[in-house]
Amino acid sequence: MKTKKSISLIGMAGTGKSTIGKKLAQYLGFNFIDSDLLIEKQYKKSLQEILVESGNKSFKDIEQNNLMSIEFNELVLATGGSAIFSKLAMSYISKESTIIFIESSYKDIISRVPDFSERGFLRKSEQNIKEAFAERAHLYKYYADFTVLNNTEIDQCIDKIVEIVYKKI
């Protein structure tokens, strides 16, 4: 596998994508982008406000357009947890970066994010968080070049990412 010059992190809200991404970018000397923060900056609203006002389909379109506009060049990207619902965006991200699925147990996610009601969390109206977690798991694995379990210290997770991305050439 040819090493790409950028890394994209995918996974559920609460897995640590933003925290890991910032530290990983700093370690590598790369730029860092959190796609959720880009959307909030562009719309001058929280993700939750955008989701409520726009609805699920429009929110997916907003996220897709945002991801498709990112220029990859020595970049660490922390995607929104629902990025995996856009085949087009994930295809683009895959061509431009190595995709790492940051995996965490449902129990760990809930302990980090006990209330998803203000997270801008995309899900079907009848779905609870555990059902959304189960639905997304196979998509994260499908799109990932590598999976890294985040169940220890952040620095260990970063070391693992660096090891698998840069030493498995």
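First, a word on what this report is: a plain description of the structure on this page. Along every chain, residues carry numbers that run from 1 in the direction the sequence is written. Where local features are concerned, this predicted model is filtered to residues with pLDDT of at least 70; where side-chain atom pairs are given and counted, the filter is 80 or more; whole-chain, interface and lining totals use all residues. Side-chain measures were taken over the full set of non-hydrogen atoms in the model, leaving aside hydrogen atoms and water.

Some details on the pattern of salt bridges
The working definition used for a salt bridge is a side-chain nitrogen of Lys or Arg within 4 Å of a carboxyl oxygen of Asp or Glu. Within this structure, the stated rule accounts for 4 salt bridges. A salt bridge links K23 to D155, with the nearest nitrogen and oxygen atoms 2.9 Å apart. Here K23 is found in helix α1 (residues 17-28), whereas its partner D155 is found in helix α7 (residues 154-167), with 132 residues between them in sequence. The rule is simple: take the accessible area with a 1.4 Å probe, protein chains only, and divide by the maximum for that residue type; under 20% is buried, over 50% is exposed, in between is partly exposed. Residue classification places D155 among the partly exposed residues on the basis of a relative accessible area of 42%. A salt bridge links D61 to K57; its shortest N-O distance comes to 3.2 Å. Placement of the pair is D61 and K57 together in helix α3 (residues 47-68), with a separation of 4 residues, close to one helical turn. Helix and strand assignments come from DSSP, with helices taken as H or I runs of at least 4 residues and strands as E runs of at least 2, each series counted from the N terminus.

As for the packing of aromatic side chains
Any pair of aromatic rings gets described here by the distance separating the centres and the angle formed by the planes. Only rings of Phe, Tyr and Trp enter the pairing, Trp through its six-membered ring, and a pair is recorded when the two centres are within 6.5 Å. The plane angle decides the type: under 30 degrees is stacked, over 60 is edge-to-face, the rest tilted. Under the defined criterion, the tally for this structure stands at 4 aromatic pairs. Here the aromatic rings of Y142 and Y143 are separated by 4.9 Å at their centres, their planes lie at 80°, and the arrangement is edge-to-face. Given the relative accessible area of 63%, Y142 is considered exposed. Relative accessible area serves as the criterion here: at 14%, Y143 is assigned to the buried category. Over the ring of F85 we find K60; its NZ or CZ atom is 5.3 Å from the centre of that ring. Ring-over charges, as used throughout, are those where CZ of Arg or NZ of Lys falls within 6 Å of the ring centre and within 35 degrees of the ring normal.

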